[in-house]
Amino acid sequence: MQLTVNIGFQALAYASVLYLMAVGLSVTLGLMGFINLAHSVFAMTGGYLAAIACGNYGFPWYAALVAAPVFVGLIAAGIERALYARLYGRDELDQVLFCIGFIFITGALARMAFGPLQRPIALPNELATTISAASFTFSTYKIFVIAIGALTALVVLFSLERTRFGSMVRAAVENRGMAESVGLRTTLIFTCTFAIGGALAAIGGIIGADLFPINPSYAFDTLVYVQIVVAVAGLGTLRGSFISALMIGLIQTVSGYFFPEYGTILLFLAIFLFLFLRPQGLFGRPGVN
Amino acid sequence: MSAAAFNTFLDNKHRLSWWELTPFLVLAILPFVARDYLPLATQIIIYIIFTLSLDLLVGYAGIVTLGHAVFFGIGAYTAGIISVRGGWGEGLSGLLISATISGAAGVLFGSVVLRTARFTLLMLTLSAVFLANEIANKASWITGGVDGLSGIDIWPLFGIFAFDMFGITGFIYALAALLVVWIFMRWLVHSPFGQSIAAIRDNRSRAAAIGIAVLPRLVVVYGISCAIAGFAGALQTQVIQFVGLKAASFELSADVLIMLAIGGAGRIYGAFLGPVIYLAAQDYFAKDDPVLWQLWLGLIVMAVATFARGGLMALLRRTAASSAK
Amino acid sequence: MYQSRLTRRSITKALFATPMILSSRIALAADPVKVGLIFTTSGPFASSGDLMAKAAALFMKHKAPALLSGQKIEIIQRDDGGPNPEVAKRLVQELIVRDRVQFIGGIQWTPNAFAIGPLLTQSKTPCVLMNAGTSSIVRSSPFFARTSHTIWQSCYPLGQWAARNKIGKAYTLVTDFAGGHDAETGFTKGFTEAGGSVVAAVRMPIQNPNFAPLLQRVRDTKPDALFVFHPGGTQTAAFIKTYAEIGLANDGIRLIGPGDLTSDEELPSVGPIAKGIITAHHYSVAGDRPANKEFLALWHQEYGASLRPNYMSVGVWDGMRVIATTIAANKGNGDPDAAMETIKKYRDDNSPRGPISIDPQTRDIVQNEYIREVRIVNGEPYNVELETIPAVKDPWKSFNPA
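Keep in mind it's a predicted model, so treat the numbers as computed, not measured.

Scanning chain C from terminus to terminus reveals 14 helices and 14 strands. At 21 Å, chain C has a C-alpha radius of gyration in line with the 21 Å of a compact globule built from 402 residues. Dimensions along the principal axes, computed over C-alpha positions, put chain C at roughly 65 × 50 × 35 Å. Per-residue burial for chain C yields a buried fraction of 61% across its 402 residues.

Once that is clear, we can look at the overall build of chain A. On a plain count of helices and strands, chain A comes out with 11 helices and two strands. Computed over its C-alpha atoms, the radius of gyration of chain A comes to 19 Å, within 12% of the 19 Å expected for a compact globule of 289 residues. Seen through its principal axes, chain A has C-alpha atoms that stretch 60 × 45 × 35 Å. The buried share of chain A, taken over its 289 residues, is 56%. When contacts within chain A are restricted to residue pairs at least 6 apart in sequence, long-range pairs at least 24 apart make up 76% of them.

Membership of the largest hydrophobic core comes to 278 residues, with the highest contact counts inside it found for Leu18(A), Leu97(A), Val229(A), Ile49(B) and Ala261(B). Apart from residues lying up to four places away in sequence, Val229(A) is in contact with Leu18(A), Ala22(A), Ser241(A), Ser244(A), Ala245(A) and Ile248(A). Among the nonpolar cores identified, the runner-up in size contains 47 residues, and Phe187(C), Val218(C), Ile240(C) and Trp396(C) belong to it.

Take the pairing of strand S9 (residues 254-258) of chain C next. Residue and element names in this part refer to chain C. Of all five residues that make up S9, five are buried, and the element is covered over most of its length. The pairing of strand S8 (residues 225-229) with S9 spans three bridges and is classified as parallel. Each residue of the ladder has a partner; that of Leu 226, found in S9, is Leu 255. For S9 and strand S10 (residues 278-281), the ladder comprises three bridges, and the chain directions are parallel. Along S10, the bridge assignment pairs Ile 256 with Ile 278.

Attention now goes to the interface of chain A and chain C. In this assembly, 24 residues from chain A lie in contact with 25 residues from chain C. Counting residues per element, the ones that place at least two in the side of chain A that touches chain C are helix H1 (2-32), strand S2 (136-139) and helix H10 (240-258) of chain A. Residues of the side of chain A that touches chain C, tallied by class, amount to 10 nonpolar, 12 polar and two charged.

What follows concerns the packing of helix H6 (residues 151-164) of chain C against helix H7 (residues 178-193) of chain C. Residue and element names in this part refer to chain C. Where H6 contacts H7, the axes come no closer than 7 Å and their chain directions differ by 30°. One way to sum up the angle between H6 and H7 is to call them roughly parallel. Both H6 and H7 take part in a crossing whose hand is right-handed. On H7, the residues that touch Ile 151, Trp 152, Cys 155, Tyr 156, Pro 157, Leu 158, Gly 159, Gln 160, Ala 162 and Ala 163 of H6 are Gly 179, Asp 182, Ala 183, Gly 186, Phe 187, Thr 188, Lys 189, Gly 190, Phe 191 and Glu 193. Looking at the contact of H6 with H7 residue by residue, the classes come out as 11 nonpolar, six polar and three charged.

Quick look at the sheet that holds strand S1 (residues 33-39) of chain C now. All names here are of chain C. With respect to topology, five strands assemble into an open sheet ordered S2-S1-S3-S4-S5, the strand pairing being parallel. Sheet topology places strand S2 (73-79) and strand S5 (144-146) at the edges, where each strand pairs with a single neighbour. Mean inter-strand twist for the sheet, computed between neighbouring axes without regard to direction, equals 25°. In this structure, strand S3 (residues 103-106) lies alongside strand S4 (residues 127-129), joined through three bridges in parallel fashion. Within S4, the residue paired with Ile 104 across the bridge is Cys 127. On top of the sheet, helix H2 (residues 46-62) reaches S1, S2 and S3; it is set at about 155° to S1, its chief contact.

In this complex, chain B contributes 36 residues to the contact, which on the side of chain A involves 37 residues. Sort the elements by how many residues they give to the side of chain B that touches chain A and helix H6 (residues 118-138) of chain B lands first, with 14 residues.

Turning to the domain arrangement of chain C, a few remarks are in order. One frequently used descriptor of interface size is the decrease in accessible area upon assembly of the parts. All names here are of chain C. You can read the domains of chain C as domain 1 (8-149 + 291-363) and domain 2 (152-281 + 369-399). On a C-alpha basis, the centres of domain 1 and domain 2 stand 29 Å from each other. Opposite the 15 residues of domain 1 that make contact, domain 2 presents 18 residues. Among the residues forming the side of domain 1 that touches domain 2, the class breakdown is four nonpolar, nine polar and two charged.

Attention now goes to unusual backbone geometry. A positive phi angle, near 55°, is found at Gln241(B), a position not held by glycine. With respect to the helices and strands, Gln241(B) occurs in the loop between helix H11 (214-240) and helix H12 (250-263). The backbone of Lys166(C) sits at a positive phi, close to 65°, despite the residue not being glycine. Position of Lys166(C) among the secondary structure elements: in the loop between H6 and strand S6 (169-175). In this structure Lys166(C) comes out as exposed when scored by C-beta crowding, with 9 C-beta atoms within 10 Å.

As a further point, take the confidence of the model for chain A. Mean pLDDT over chain A: 88, with 98% of residues reaching 70 or higher. When pLDDT is averaged over each helix and strand of chain A, the minimum, 80, is found for strand S1 (residues 130-133) of chain A and the maximum, 94, for helix H3 (residues 61-82) of chain A.

Quick look at the packing of helix H5 (residues 140-162) of chain A against helix H6 (residues 164-174) of chain A now. All names here are of chain A. As a packed pair, H5 and H6 sit with axes 5 Å apart at the nearest point and diverge in direction by 80°. Our classification of the angle between H5 and H6 gives roughly perpendicular. Residues Ser 159, Leu 160, Glu 161 and Arg 162 of H5 lie in contact with H6, whose contacting residues are Phe 165, Gly 166, Val 169 and Arg 170. A class-by-class count of the residues in the contact of H5 with H6 yields three nonpolar, two polar and three charged.

What follows concerns H6(C). Residues and elements named next belong to chain C. Compared with an ideal rise of 1.5 Å per residue, which puts 14 residues at 20 Å, H6 spans 20 Å between its outermost C-alpha atoms and is within 8% of the ideal. With 12 of its 14 residues buried, H6 lies for the most part within the structure. All of the buried residues in H6 are Ile 151, Trp 152, Gln 153, Ser 154, Cys 155, Tyr 156, Pro 157, Leu 158, Gly 159, Gln 160, Trp 161 and Ala 162. Phi turns positive, to about 65°, at Lys 166, one or two residues after H6.

Bringing the environment of Gly43(C) into the picture now. All names here are of chain C. On the secondary structure map, Gly 43 appears in the loop between S1 and H2. Gly 43 gets classed as buried once you count the C-beta atoms within 10 Å, which come to 21. Residues Gly 43 and Gly 82, spaced 39 residues apart in sequence, show a C-alpha to C-alpha distance of 6.7 Å.

Residue position: Gln227(A) is located in helix H9 (residues 218-233). Linking Gln227(A) and Phe138(A), residues 89 residues apart in sequence, is a C-alpha distance of 29 Å. When neighbours within four sequence positions are excluded, Gln227(A) is seen to be in contact with Leu37(A), Met123(B) and Leu126(B).

The subject of this paragraph is the confidence of the model for chain C. Residues and elements named next belong to chain C. Summarising the model, chain C shows a mean pLDDT of 87, and 91% of its residues fall at 70 or more. Least confident of the elements in chain C is helix H1 (residues 8-25), whose mean pLDDT is 51; most confident is S4, at 96. For the stretch residues 1-17, pLDDT sits under 50, and the model shows 26 contacts to residues farther than four places along the chain or on other chains. Across the whole predicted complex the pTM is 0.87, and at the interface the ipTM reaches 0.88.

Attention now goes to helix H8 (residues 212-221) of chain C. Every buried residue belonging to H8(C) is among Ala212(C), Pro213(C), Leu215(C), Gln216(C), Arg217(C) and Val218(C), and all of these are buried. One or two positions beyond H8(C), positive phi appears at Lys222(C), with a value near 55°.

Now for the environment of Ala22(A). All names here are of chain A. Among the secondary structure elements, Ala 22 is positioned in helix H1. The buried category is assigned to Ala 22, around which 33 C-beta atoms lie within 10 Å. Measuring from C-alpha to C-alpha, the distance between Ala 22 and Val 230 comes to 6.7 Å, with 208 residues separating the pair along the chain. Apart from residues no more than four positions distant in its own chain, Ala 22 is found in contact with Val 226, Val 229, Val 230, Ser 241 and Ala 245.

Rules of the game
Residues numbered from 1 in each chain as written. Chains lettered and ligands numbered in written order. Predicted model: local features only at pLDDT ≥ 70, side-chain atom pairs only at ≥ 80, totals over all residues. Helix = DSSP H or I, 4+ residues; strand = E, 2+ residues; numbered from the N terminus. Rg over C-alpha atoms; globule rule 2.2 N^0.38 Å. Buried ≥ 20, exposed ≤ 12 C-beta atoms within 10 Å, placed from the backbone. Contact = placed C-beta atoms within 7 Å. Core = buried A, V, L, I, M, F, W, Y, C linked by C-beta atoms within 7 Å. Pairing = 2+ DSSP bridges. Nonpolar A, V, L, I, M, F, W, Y, C, P; charged D, E, K, R; others polar. Axes fitted to C-alpha atoms, helices over the stretch in contact; angles between N-to-C directions. Parallel < 35°, antiparallel > 145°, perpendicular 65-115°, else oblique. Left-handed = near helix turned anticlockwise from the far one by under 90°. Domains from an automatic or database assignment. pLDDT = per-residue confidence, 0-100. Expected span 1.5 Å × (residues − 1).

Rendered as structure tokens:
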């Protein structure tokens, strides 16, 4: 029982970070059909902004958690208009190459600007504690992470279902041509969702800095994890990424506890089998590829 | 177009042009003019063979994969294991065995993943390369794990020519291998089979409509491509007498994709140009400032993807076409 | 397993290859002697390589001119990008064949060291290992000498110390590669010989973003101490933080390990939660001796007050001294056998880490080991040296004679 709770807790925390980092990507992919391998760059940018602001300039952590994603969202919007938009509809080779090139550039810039050392983000003191309940010890910080993850999932779900913008996004994903013909400005919708996705990734980068350390090769290191969250969730789904992040978090945590020597072998084996047996993912529609 | 004109077009399309032989002429004189650079040239040749195998998939069959390093790795490790654990150091047979095993693995893998397309295919190949890397890491009792396999001893070719650190034997060995692969590739892409693969790439449903068995042919070409990739891997192991985890890494998959893109996919000689440019530039620039090299590489790759589709080969073709007018 | 195979073929190769290389390396009086240094200055492990490269530059600036008295050296530095044996092999091959270096130095990683062994033997190029710590490396080529440390040197005495200091049951957790295996066997042997018992031995992969489940399992096993080996760099900070977070310290499970765990440059970012960690190692910036004060003064003057050097920097500092004194002693004549003879006789009683020497039998380093505890001094965490174990030779070699 103790074990289940502990494993579940760690898995939830891991999953929350993954979710934040990947949710924007699943929307982008479903919406624009663009395979953005470089999505983690926004998480990295958020992480670096927070690390520099808090570490070098004494910015309060909570403020950075709010401000950095806004910045990153704006930057993402700019990059989308200037660069990504040129490659919509192009074949996958061009898109994949574009992303790899983008990762190289941002990694090199990060290295030149911030050096090769990992940048820790100092947590506020009240979070760097533990809470003991019954015989369990939980990190306050991880509780906070899970809370943010759950909150974001709820907000995303709510926005998609209940707001006008959300229904516009859903319409554009469902059928872009139709959406345009009823007067939706899909290009604007794309830019906005891209920006929001980038901002969410930035939050994930900041709160997940313990799990995925902020360093110049961040985008490469986290690439595969973020992509498989989306692949397992499926394309054309905007809701599935939380469940898929949970699945992956659970597999990682369980295999880390019971089979630590095997590292990520079990995870990738599971993902491979899953995608083979169900290529459309958990909630994707068959044929949407 | 009249029937006669069309026949001429077909003849010209498949005929060997003189400039196709230039790479080999250049390589042939290299030992005489740049002996110190033979190890680098040999590495370039190995990557040319690897890039050719990827070109078959990406350029000719239209299958974008992030996991081709898996098969380079299978070939590389097979060649290494045969020598270190099996004690068999004969070069040519080692190459053939590794290529066969790699090709068989490719057929198996291809029949599984080629049913999917685009993003799922990409993710399957991505997971595959990470899985392969982890397995190679974990099975250190056979692969050497992070430390890699040392102690690979390839017997002197024909009993006379030993592999040494100056690399002359290695260079000629690799050059001969490239010649064989090039002849085979050229024959394959110009053959009816090769043409049908291109047809599948251009329009899969139309190809199916005229009776081409799409999936079986794709699996066959995937198997061939993986065999050549494995051949390249085995060649590298034999020449540098070492195999490590990089041979089955995502990093390698990304590198070879970049090389192909820079050179130009779908035109065999793009696979020649790409590695030459990439490795020569890396050799020159990355020594003093590897970070700046990474920046420039990223810029070039993004530029090629955004503006210069078809890489250098397409650029050359466009200039040739415009100057021919 | 890692011995180079001295077959008839390889000897023939060496015989024909070496004269060509040697003749081109014999420097004319005015030519600079070329030295190739391999550090990891890019990729996820670049932070350590950066500290090593800085130490080499510092040495060349302040100490080399006096030692060399006129003989010029040219340093050619290359980046291997991490534990990439094939890259290291190609770089060393080019350094030897193209650049015609007389010495190779640096080498942070064990796999890279093993990969270049055959090249060194074939071309007869002396190589000073300035960080890689697996014991058997120096046996893989007669041209290896080491100025860094061996993992057994710190882990074996630590095991003995632990058993004598109220640690009855230990859980060992190491990264799964040759270095980690050395740590595990070295500690276990020292510990069990002195009466302790190892309750579990787990190996974790080098790339491990998720320490939490591993440490949760340690907590559930309830040992007296957790022995950890991690090859240094940025992940050790994450590890210690997770150790604190899971609550192992509160359960009385002490954290011990070789000094890689509390590497000096990472300690400030780990912060006060590192207090109380016991390690065994050959160098700490808190080491109280004049040579260390001088070294630190030069370092901080050049690189700023907030950047700390670490044991890898000292490995390079001493390694460069070995190369410089050897070149000066042999007047740069390029004779590899004479160079190796000079290196085998190396002694320095004034290294920042204490007295060191090279063991002529094994070509490996002999040095003091210190048991240290992390304490807060002037508000910053430091590895404070508590006990000294003098002149430790690599224990592995005495248990495994050649």
